[in-house]
Amino acid sequence: MGSEIIIACICVPLCGSFLLPLLGIINAKLRNFAALAFTVTAFLCAAFALPAVFDGSPLNIHFELPLGLSFGFYADVLAVFMALTSSFVASIIVLYSFDYIKPYEHQNEYYMMVCLFIGTMMGLVFSTNLIFIYIFWEISAICCWRLIGFYREEITIRRANKAFVVTVLGALIMLVGFVGIYGNTGTFDLAAMKGTHIPAWIVVLILCGVLSKSATFPLHNWLPDAGVAPSPVTSLLHAAVLVKIGVYIYARLFVNSLAIDKVFTVAVPVIAAVSALVSAGVALRENDIKRIIAYSTISQLAFILLGLSAGTEIGVLGGLLYILMHSVAKGGLFLCAGIVEHSLHTKDITKMGGLYKRMPLTALAFIFCAFSVMGIPPFGGFFAKYLVIDGIVSAGNTGLGAVFIAGAVMTILYLSRLFIKVFLGESPSRLEVKEGSPLMVASVLILAILSVALGLSISWPSGFVALIGGGI
Amino acid sequence: MEAVIYICLGLLFICGVLAVMLRSLLKSAIALAGASAILAIIMYLLGSVWAGIFELSVCAGLVTVIFVSAISLSNTDKQDLAKLYEDAKRMSALPAILIICGVVLILIAAKTPFMLPAAVPAAETADNFREIFWNHRQVDIWGQVIVVLTGALTVVALFKERE
Amino acid sequence: MQVIESSTVLIFAVPLVIFLINSLFSKRLAEKFSMGLAYVAPITQIVATAACFVQIAHLKQHDIIISWDLAGAVSMRFAVHTYSLVFLFCIALVSLASIMVANRTVPQKRTGFASLLMMLILGMNGIVMVTDLFSLYVFLEIVGISSFVLIAMFKSETGLEGAFKYLVMSVLASIMILTGLAFIFMQTGSLQYDHLEASALAGQSPTQLVLIYAAMILMIAGFAIKTGAVPFHSWLPDAHQSANTAVSVLLSGIVIKVAGIYGLIVITGFFGKLPGIKLTLFIMGTISIIIGALFALRQSHFKRIVAYSSVSQMGYILLGLSTVSMLGLLGAVAHVFNHATFKSTLFTNAAAVHEQTGTYDINELGGLEKKMGVTSFSSLAAFMSTAGIPPFAGFWSKLLIIMALWSSGARVFAAIALFASIFTAAYFLRLQRKVFFGKLRDQLAGITEIGGSVKLAQIMLTVVTIAAGLLFPFALLYFRGIGLL
């Protein structure tokens, strides 16, 4: 397949999203089907890029521009890996949305923003130019803003504004860092500056953007607050895809392209450690199902950041693998939470209980995804977490390794607490609690089965990811 | 020669202050015309004959005409306006203001080394003048024409309240 | 060359002709047709400037001197730089938007509005095309007079306070500029651009340049007043509040830029290398950005928020100019263009909201997006462009300015300018939350979308904003093609 496949991968969802409102005016089912089709096309295009990538000759497109702004798209293993992960989980979430979003208003905008976001994600992972990475980064912030404010309540708008301000502020600080790189190297093009060493203050600036987008302490507060969004939105943006942008850029810039000071292999894991512990602690005490899962996301993202920043190949392998496992599993967890919330119209876990009797399939999917996040074999999450901790320990930081094992234990604790409170025990008197609609249940089951399947066939994903590791 | 210029400057100053502080709009306009006329005299004394002529004809003449017609077009009762802005305290302060500002200006003039420019001989012929204004500065001439047109439009737009 | 010459003739002749036509016909006839006739001027100007852009690309030059010699009767010299062309295009675009809004918001005195607008366009066109500082001053006066009258002529509810403040500040600025011109003339003996460029200042020590510095202080202050930069910005919000919204579109959309920023472009072009000029503009720019944004956070009148936003954006343009480099100038001019579009969009939205709901107070509005979709979307595009969020056009011009600042060594200012964008986002998020993005208030349930020319204006301006953002890389290639980058 020629390099045009990358253009298709990006442009189909990006440009197609603008057709969706028009289709929605004609026929809602047509629009829904189109949205799913665009997302699945992105996945297929990324998949078709695999043969070339495995051959060792990545696909490359280049446009020349003055001022060092020359941009292009580059499909190497890392990019295709992220594209596949994101587009697959996104497709499942779009499928889930069909039934979840049906009773609400502003559906046209919803599907348009979701599809636009997926296209933006594709553009971001394939971009080779810092400015264009920034452009796609900000477009995703716009989508996030509109989607969090979906219900148009005062509180949702305020939370959406907060998320926007925090992530955009981080991005602006990062942009200063990008301009600093331009000042040092004279270009924004990643291919042209591969291997250059960049000073620590630029790394700090770029880290601000990474930390804000990937909700790491201290810029993590917007994420639990964003739980006021519809559940598929929370799943797509705040578990599976958008929050991965920060860690992906960390991998792309500091692991794959540029050289940074050694101090960051200690400093960033420390930040990640603090983030993991603080959020795990809060998750143990929260009573809102989505907030618990959100704090869990912050904690797991810290794990991914740890793996990528540890400075060892095993750590990077683990981090990237966990991106895949976490996207699948956490996406599934939020979707399950969405089914629960859809039926019970509450997010307070003290008002729930014994739901496994009424929603057996959802409970099964939930426990599978939870096991993956907790890191229990043979689920996929276990292998990833093991590699991450192996990576940090082999870098010499046993202390941090211990901290993260503590974090992993706390993960087991709060997720078990969540499962027990929601699904097991006495069910309070409730009128009509039934299982979610077939489409929604099917979506969560697909993700749940994938969590265990990826773990059972771990050699395939880890072999894929190992191809990336050659960039250090 | 210099004394005459300084006297004219003083008169100019008085006319300017009067133009700002007089109650009646009509009297203010006439004070402004007086100031323009004195300015024209100063320009002539300093050697710019043509500048003086323009100043006299345009500012002291044309502009005053426009002012007076604008004042007459506006509908407000001028007697009431005068009563509205009547302020005995303000007018009694006028001599004091004039004296204080005059003294300050004279002090500044005495301290700083001012020099009147050497008198330029009025050697420009009529042809030379035409060449300068039409060939080199034609843009400005057209610009001035547009300014006057705009001024006329202003008067109509702002003050014409009869249909 | 033919194209450019005939374009300049058109650019001057058309507004004058329309003004004459308006004056010649009877009152009733003029009242009906003057607004429609007024459309001809900006549309002709847009076409003419577009043709000039194409011609410049062919010629691969970016500085062209035109000499008119029409049958020996009229002979003048004009200069057409690439940035003058951008200004001319903006003048036309904003005037077009203003007429479209005025069609709805100006029920009486339409002939007066149209004629004054023609004079204003003439004045602005003159400013950007003359080759002599004194001529610039003459046309600046035209702009000052006509804009004052446009603000004052509708005698709004808030009274004439805003118009009066504008008049006083404007006259003060004109006096300062004229005095500065006089000082320059005393030192260099000529005010023509080509004589000033030959740098009569070379090799003189700072003490010898006292007159020039005095002139610089006066002229920068004068032009800063006209631009509405801090600390000379106090007239801007009040003038906007007093003026009819069609006039606000003009004022913020183009007048403050042509009357103020263009003057500063000319000054920094000749005298920018003098020590102290750069630093003054840096500081003025940075303070404008921050103070404009902070004040905008506290307003509750739609137009005042947008007016303070103008103050803030002028700061960015000043920062671009302060680098005295080609990249900075390009960034500044690009931001002038972007500001012209997004600010006009915002004021057009204000007009639409006011026409349909009867109020400018954002505390009385809410959830209008449901009923006024076009207005809401165009305000969103404008807001994103102002805040510098890609892919909208405002991002690119801000990026160029930041890159120019960084390259010239003013890194701290560059960082501050970028961080301050978050304030822009903050006040616009507040505006969006209060006016569009939320639940519809009960008392607004009967509102409908505005129609006619205002809707068309919003659509047109939004299309320009989005297209400029998406196609900006091509603009960069264009600038490289004509040798500017």
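Coordinates for the structure precede this section.
Residues numbered from 1 in each chain as written. Chains lettered and ligands numbered in written order. Predicted model: local features only at pLDDT ≥ 70, side-chain atom pairs only at ≥ 80, totals over all residues.

Asks: I'm lost on the packing of helix H14 (residues 313–344) of chain A against helix H18 (residues 438–456) of chain A in this one. Help?
Replies: Think of two packed helices as two axes; the pair is described by the angle between the axes and how far apart they sit. Residue and element names in this part refer to chain A. The geometry of H14 relative to H18 is characterised by a closest axis approach of 9 Å and an angle of 150° between their N-to-C directions. Overall, the two elements H14 and H18 adopt an arrangement that is roughly antiparallel. Here H14 and H18 pass one another in a crossing that is left-handed. Across the interface between the two elements, Met325, Val328, Ala329, Gly331, Gly332, Leu335, Cys336 and Ile339 of H14 pack against Met440, Ser443, Val444, Leu447, Ala448, Leu450, Ser451 and Leu454 of H18. Taken together, the residues that form the contact of H14 with H18 break down as 12 nonpolar, four polar and no charged. (Axes fitted to C-alpha atoms, helices over the stretch in contact; angles between N-to-C directions. Helix = DSSP H or I, 4+ residues; strand = E, 2+ residues; numbered from the N terminus. Parallel < 35°, antiparallel > 145°, perpendicular 65-115°, else oblique. Left-handed = near helix turned anticlockwise from the far one by under 90°. Contact = placed C-beta atoms within 7 Å. Nonpolar A, V, L, I, M, F, W, Y, C, P; charged D, E, K, R; others polar.)

Asks: Would you take a moment to explain the interface of chain B and chain C for this structure?
Replies: In many reports, interface size means the accessible area that the parts give up when they come together. Counting residues at the interface gives 16 residues for chain B and 23 residues for chain C. Ranked by the residues each element gives to the side of chain B that touches chain C, the list is headed by helix H7 (residues 138–159) of chain B, at 15 residues. Partitioned by chemical class, the residues of the side of chain B that touches chain C number eight nonpolar, seven polar and one charged.

Asks: It is not clear to me how the nonpolar core should be interpreted in this structure. Could you clarify?
Replies: Nonpolar side chains tend to gather and get buried jointly when the protein is soluble and globular. Counting 400 residues, the largest nonpolar core has A:Ile148, A:Cys369 and C:Val258 as its most contacted members. With 19 residues, the single largest contributor to this core is H14(A). Beyond its immediate stretch of four places on either side in the chain, A:Ile148 contacts A:Thr156, A:Arg159, A:Ala160, A:Ala163, A:Ala226, A:Val228, A:Ala229 and A:Val233. In this structure, B:Leu32, B:Ala35, B:Ile38 and B:Leu39 belong to the second largest nonpolar core, which totals eight residues. (Core = buried A, V, L, I, M, F, W, Y, C linked by C-beta atoms within 7 Å. Buried ≥ 20, exposed ≤ 12 C-beta atoms within 10 Å, placed from the backbone.)

Asks: Is there a simple way to explain the pairing of strand E2 (residues 77–81) of chain C in this structure?
Replies: Here is the key point about a regular strand: its side chains alternate between the two faces of the sheet. Residue and element names in this part refer to chain C. Here E2 lies mainly inside the structure; four of its five residues are buried. Relative to E2, strand E1 (residues 63–67) runs antiparallel, the two sharing five bridges. Following the sheet pairing, Ile64 is matched in E2 by Val80. (Pairing = 2+ DSSP bridges.)

Asks: I keep staring at the environment of C:Asp238 and nothing clicks. Help me out?
Replies: Residues and elements named next belong to chain C. Looking at the secondary structure, you find Asp238 in helix H10 (residues 235–242). Taking C-alpha positions, Asp238 is 28 Å from Ile459, a pair spaced 221 residues apart along the chain. Apart from the residues within four sequence positions on either side, Asp238 is in contact with Glu161, Gly162 and Lys165.

Asks: For this particular structure, what's the right way to read the interface of chain A and chain C?
Replies: Each side of the interface is counted separately: chain A has 26 residues, and chain C has 28 residues. Counting only elements with at least two residues in the side of chain A that touches chain C, the list comes to helix H6 (130–148) and helix H7 (154–185) of chain A. A per-element tally of the side of chain A that touches chain C places H7(A) first, with 13 residues.

Asks: Just checking my understanding: could you explain the packing of H7(A) against helix H16 (residues 393–407) of chain C for this structure?
Replies: Put simply, H7(A) and H16(C) touch, their axes get as near as 10 Å, and they point 50° apart. In this view, H7(A) runs oblique relative to H16(C), as classed from their interaxial angle. The way H7(A) lies across H16(C) gives a crossing that is right-handed. Here A:Val179, A:Tyr182 and A:Gly183 of H7(A) lie close against H16(C), whose contacting residues are C:Ile402, C:Met403, C:Trp406 and C:Ser407.

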